[in-house]
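# Report on the structure
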Amino acid sequence: MQNFFTRTASQLLVKRSLQRHVPSKIDRILRPSALRAPFECAGGGYKHFSAQPISVDLHLEEKTEGLLNHIYKGSQGSYTLIHYDRAMEEWSKQCNIHAAERAEDLLVALEKSYDETTSQCSTQQTSSYLMPNAVSYNHVLQAYVLSNGGTRACLKCEEILEQMLERCRNALLFKGAVERVPLPPEPLVTTFNTAMNAWAKSNDIDAGIKAEMIFRKMEYWGFECRRENVIGYYKGVEPNTRSLAIVVDAWANSGHHDSFERIIAIFEHALDNVLAVQNNKAHGEVDGIKQQVIPLNTVFFNSVLNGLANCHGGVNAAQKAQEVFTTMQDLSSSGLLQQLITTNTGGSTDDCDVETSPNTRTWSLLMKCWANAGEVSDEANVEYAASSTDAILEQMENLYKTGQDVKPNSYAFASCIKAWAECASETGATRAVSVLERMERLYNETKEEELQPTTMHYNTCLSALCKVRNDACMTHARHLLRRMCVDGSADAVSFNTVMMGYLNVDSSTALETIEALSDEMQIANISPDSATFNIMIDAWRQCGRPNAIAKVIKLLDYMIDLSKKDNNIAPTASTFTLVLNTISSSNLDEKVEPARRIFHDMISLHENRSDDKLKPDVRAFSAFISSCANQGGSPERKRAALKIALQTYEHMCSSTEYGTPNSYIYGNLMKAVGRLASNPKEKTRLLEHLFKRCIDEGQLSRVTLNVFRKWAPQKLQNKFLGEGKEIHSKWSRNVRENDRQQVSNTIGHTRPQV
């Protein structure tokens, strides 16, 4: 049988074929991070079932126990399949993994009842029996789709679907042998679609591949039923337009590097089949069985456009989306799409399925493609993408004014403003504000709620203005923020954006303006959040005032007190790191004691609150060691600081909880040794040990190399970097690519020319 899809998707899965089986715990621990297990999510880590507290419906639990006891223990009760289906449907609406498992318990019980009935019917007459129908299976599948169970829930859906097909195939082997009992139910199109939809919603990196496999199972089941001539027993099913759209959605949400190519391949194959009908070409046949042409509708085209918007394909993806959109317009105008849907609706007749013209969502998704193209494009293409987005919005506005059913909505305007904001230029900021003003005028003319600018639109304009980093745009941003305060659309993000803008324009003078904005925030009755405090701490860090340490510690203590009542103000690891950096860069001699206190508070708060956002990371360790390295005062205080820095490093090396030392850690450690060690032999020994550890772990950056050269005696430098010594690329293998190149260039320039 010729499948709808090409072999490409199958070939993609071969790379993971040995990994898709459920691994043992030890296998998951030992597997390299590059190989993803079924439970593993695309961003790293494993997707287990949700660990959120589950609220159990006790009444539904009691009802379920009664239904299970009726089958397993023969308890009294006038139960029919309707009672079981209703209970499974109620469980599916609970949206948690326990509910999905309870729905499956009922399904398993119904299967048991059916199996026992079929085994008895050959020897005795059965007056009544319970058995599941296709809807029963659909309820359970839907329960897993809505359970937030991640990849494991998807695998469970596959297992249930495969079990359903297996029961049908086994029954066909004995068709006619037991005439008193109906055959097990076959999967409907919605059954297959629900299983594919589980993958589409999972964000698993292999979601597109797995959805295609289920699609092929659906094709093969229909083909199998027709080929084996079992239509009297099972009808078989054929994929419909929603099936195809779900596969595209699965690719769109997967983040797979081949998603762009697969979405285009699926679209072009579907389009070729449609155009074959237009050209009066006969449909392909396999073993004398006519193959289906899946009609294309607005839902399918919208899925393709959404996939192209999400695939990070830049301008190339946006241009392809424009081609898809134009094709949709042409086919819809010709009437071909409507003709195909009329003759082959796939059993669905709702308005959403018969629509073939671009609607507001279609236009908005096309804009999204262009807006997202700006995020991954160079400077020239960013403005091109923004101009294209704006042109589409103008088309929508003109069509709406002429009475056509294409109304620009809040989402469309947001995409356009975002596209201009990505330009990070004065032109982009001016155009973003211009689009906002157009939206305001259109709202004032129509009073349509969907056209009323929201805080999101205003904040994106503020971001566009602040990205320019000049005084004129910051003044414009300040005026816009004040207008937002008057009409009540400003929030903490609004103030944070403008505060950060001033900090980026001139960090040495931004403090006064930021404090004034903080006062305005209080007057507007807008509560600050963690980001607000972080910006204020950073402003104090960069202002160069002698009282900066006392001020940032006071702000941190205030945050900790407020966070007891409001978690939105809770400090994070970044907050503590900013305070430690303030201490490290201050002019005070005594840095270790205040830094120790901050670092200790950070660890204690993390342990007491069990909050991962407070867990010290590599940056926090680096900032603390830097504070030790900059310790002043007596030789005794310096030696104590060096000891603390080395102990901190050893503690980090002995535990993987906080990450592994990076180039900044080694740079600050060598600086600490160079500044604080008074004994030359001890200094040389420690620098040699740290430099060797640094290159062994591939953490040699340009900065680290310069620190080593500054403090290491010439003899030690010659031992590692002298003439005739081989400099290995692996010394810098774990630093950024730019740093690796700089290390190579720096070392090369120091060698004598031959």
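Only a predicted model underlies this, so the values are computations on that prediction, with no experimental measurement involved. (Residues numbered from 1 in each chain as written. Predicted model: local features only at pLDDT ≥ 70, side-chain atom pairs only at ≥ 80, totals over all residues. Heavy atoms only, no water.)

## Details of the overall build of the protein
- The helix and strand tally for the protein stands at 34 helices and two strands.
- In the protein, buried positions account for 51% of the 754 residues.
- For the protein, the accessible surface area stands at approximately 35900 Å², while carbon and sulfur atoms represent 49% of it. (Helix = DSSP H or I, 4+ residues; strand = E, 2+ residues; numbered from the N terminus. Buried < 20%, exposed > 50% of the residue type's maximum accessible area, 1.4 Å probe, protein only. Areas by Shrake-Rupley, 256 points an atom, 1.4 Å probe, with all protein chains shown as cover.)

## Here we look at the layout of surface pockets
- Of the pockets and cavities examined, the second largest pocket occupies roughly 360 Å³.
- Listing elements by their share of the lining of the second largest pocket, those giving two or more residues are helix H23 (510-523), helix H24 (530-543) and helix H25 (548-563).
- Here the element with the most residues in the lining of the second largest pocket is H23; it accounts for five residues.
- Among the residues forming the lining of the second largest pocket, the class breakdown is nine nonpolar, four polar and four charged. (1 Å grid on protein atoms, 1.4 Å probe; cavity = no way out; pocket = protein on both sides within 12 Å on 5 of 7 lines; lining within 4 Å. Points joined across faces, edges and corners; volume = space filled by probe spheres on them. Nonpolar A, V, L, I, M, F, W, Y, C, P; charged D, E, K, R; others polar.)

## Looking at the side chain of Lys 591
- With respect to the element layout, Lys 591 can be found in the loop between helix H26 (573-585) and helix H27 (592-609).
- Although Lys 591 is buried, it makes no salt bridge; Asp 589 carries the closest opposite charge, 5.7 Å away.
- For Lys 591, the contacting residues outside a window of four places in its chain are Ile 583, Ser 584, Ser 586, Ser 627, Asn 630 and Gln 631. (Lys, Arg positive; Asp, Glu negative; His and termini not counted. Salt bridge = Lys/Arg side-chain N within 4 Å of Asp/Glu carboxyl O. Contact = heavy atoms within 4.5 Å.)

## Thoughts on helix H14 (residues 336-343)
- Residues of H14 that are buried include every one of Leu 336, Leu 337, Leu 340 and Ile 341, and no others. Each buried residue of H14 lies within a common arc of 135° when the element is viewed along its axis, so the set occupies one face. Those residues of H14 that are exposed and angled more than 90 degrees off the buried face are Thr 342 and Thr 343. (Arc of directions from axis to C-beta.)

## Concerning the packing of helix H17 (residues 379-401) against helix H18 (residues 410-421)
- Relative orientation of the contacting elements H17 and H18 amounts to 155°, with a least axis distance of 8 Å. Overall, the two elements H17 and H18 adopt an arrangement that is roughly antiparallel. Considering how the two elements wind past one another, H17 and H18 form a crossing that is left-handed. Taking contact as the criterion, the partners of Glu 383, Ala 386, Ser 387, Thr 389, Asp 390, Leu 393, Met 396 and Glu 397 in H17 are, on H18, Ala 412, Phe 413, Ser 415, Cys 416, Ala 419 and Trp 420.
- Per-class residue counts for the contact of H17 with H18 are eight nonpolar, three polar and three charged. (Axes fitted to C-alpha atoms, helices over the stretch in contact; angles between N-to-C directions. Parallel < 35°, antiparallel > 145°, perpendicular 65-115°, else oblique. Left-handed = near helix turned anticlockwise from the far one by under 90°.)

## Some words on helix H28 (residues 618-629)
- Over its twelve residues, H28 runs 16 Å from end to end, which matches the ideal 16 Å to within 8%, given 1.5 Å per residue.
- When we look at burial in H28, the residues that qualify are Val 618, Ala 620, Phe 621, Ser 622, Ala 623, Phe 624, Ile 625, Ser 626, Ser 627, Cys 628 and Ala 629. (Expected span 1.5 Å × (residues − 1).)

## Quick notes on the nonpolar core
- Counting residues in hydrophobic clusters, the biggest one holds 214 residues, and the most contacted among them are Trp 221 and Leu 308.
- Tallying contributions element by element places helix H7 (residues 150-173) first for this core, with eleven residues. (Core = buried A, V, L, I, M, F, W, Y, C linked by side-chain atoms within 4.5 Å.)

## Considerations on the environment of Asn 568
- Locating Asn 568 in the fold gives a position in the loop between H25 and H26.
- The exposure class assigned to Asn 568 is exposed, which follows from its relative accessible area of 54%.
- Along the primary structure Asn 568 and Asp 529 are separated by 39 residues, whereas in three dimensions their C-alpha atoms are 5.4 Å apart.
- Ignoring any residue separated from it by four or fewer positions in sequence, one finds Asn 568 in contact with Asp 529 and Ser 530.

## Points about the pattern of salt bridges
- Summed over the entire model, instances satisfying the criterion amount to 40 salt bridges.
- Here Glu 682 ties to Arg 639 by a salt bridge, and the two come within 3.0 Å at their closest N and O atoms. Taken as a pair, Glu 682 in helix H31 (residues 680-696) and Arg 639 in helix H29 (residues 635-654) lie far apart in primary sequence, 43 residues in all.
- Of the residues examined, Glu 682 reaches a relative accessible area of 16% and is grouped as buried.
- The class for Arg 639 is partly exposed, based on a relative accessible area of 45%.

## Side note on the confidence of the model for the protein
- Residues with a pLDDT of 70 or more make up 84% of the protein, whose mean pLDDT is 85.
- Helix H20 (residues 455-468) holds the highest mean pLDDT among the elements of the protein, 97, whereas helix H2 (residues 25-30) holds the lowest, 26.
- The model gives residues 7-52 a pLDDT under 50, and that stretch makes 80 contacts with residues more than four places away or in other chains.
- Counted against residues more than four places away or in other chains, residues 749-754, with its pLDDT under 50, gives four contacts. (pLDDT = per-residue confidence, 0-100.)

## Observations concerning the packing of aromatic side chains
- Under the definition given, this model contains 17 aromatic pairs.
- Aromatic pair Phe 325 and Trp 363: ring centres 4.8 Å apart, planes at 70°, arrangement edge-to-face. Of this pair, Phe 325 sits in helix H13 (residues 314-334) while Trp 363 is found in helix H16 (residues 360-373), placing the two residues 38 residues apart along the sequence.
- Of the residues examined, Phe 325 reaches a relative accessible area of 3% and is grouped as buried.
- An angle of 65° between the planes, with centres 6.0 Å apart, marks the rings of Phe 533 and Tyr 558 as edge-to-face. Here Phe 533, found in helix H24, pairs with Tyr 558, found in helix H25; they are 25 residues apart in sequence, far enough to count as distant.
- You can call Tyr 558 partly exposed: its relative accessible area is 45%.
- Put simply, the rings of Phe 599, Phe 621, Phe 624 and Tyr 658 pair up and form one aromatic cluster. (Phe/Tyr/Trp six-rings, centres within 6.5 Å; stacked < 30°, edge-to-face > 60°.)

## Concerning the packing of H18 against H20
- Where H18 meets H20, the axes come as close as 9 Å, and the angle between the chain directions of the two elements is 10°. Between H18 and H20, the angle falls in the class roughly parallel. Touching Ser 410, Phe 413, Ala 414, Ile 417, Lys 418 and Ala 421 of H18 are Met 456, His 457, Thr 460, Cys 461, Ala 464 and Lys 467, all from H20.

## Things to note about unusual backbone geometry
- The backbone of Lys 447 sits at a positive phi, close to 60°, despite the residue not being glycine.
- By the secondary structure assignment, Lys 447 is in the loop between helix H19 (426-446) and H20.
- Classification of Lys 447 by relative accessible area gives exposed; the value is 54%.
- Notably, Ser 610 is not glycine yet its phi reads approximately 50°, a positive angle.
- Within the secondary structure layout, Ser 610 lies in the loop between H27 and H28.
- Note on Ser 610: relative accessible area 62%, which makes it exposed.

## Points about the environment of Ser 584
- Relative to the helices and strands, Ser 584 is located in helix H26.
- Taking relative accessible area as the criterion, Ser 584 reaches 7% and is therefore assigned buried.
- With 46 residues separating them along the chain, Ser 584 and Asn 630 place their C-alpha atoms 6.3 Å apart.
- With sequence-adjacent residues up to four places away left out, Ser 584 is seen in contact with Lys 591, Ala 623, Ser 626, Ser 627 and Asn 630.
- At 2.9 Å, the side chain of Ser 584 forms a polar contact with the side chain of Asn 630. (Polar contact = N/O pair within 3.5 Å; in protein donor to acceptor, adjacent residues only side chain to side chain.)

## A word on the environment of Ile 392
- Mapping Ile 392 onto the fold places it in helix H17.
- Look at Ile 392 and you get buried, because its relative accessible area is 3%.
- The sequence separation of Ile 392 and Met 367 amounts to 25 residues, and the corresponding C-alpha distance is 6.6 Å.
- When residues no more than four places from it in sequence are discounted, the contact partners of Ile 392 are Gln 322, Trp 363, Leu 366, Met 367 and Trp 370.

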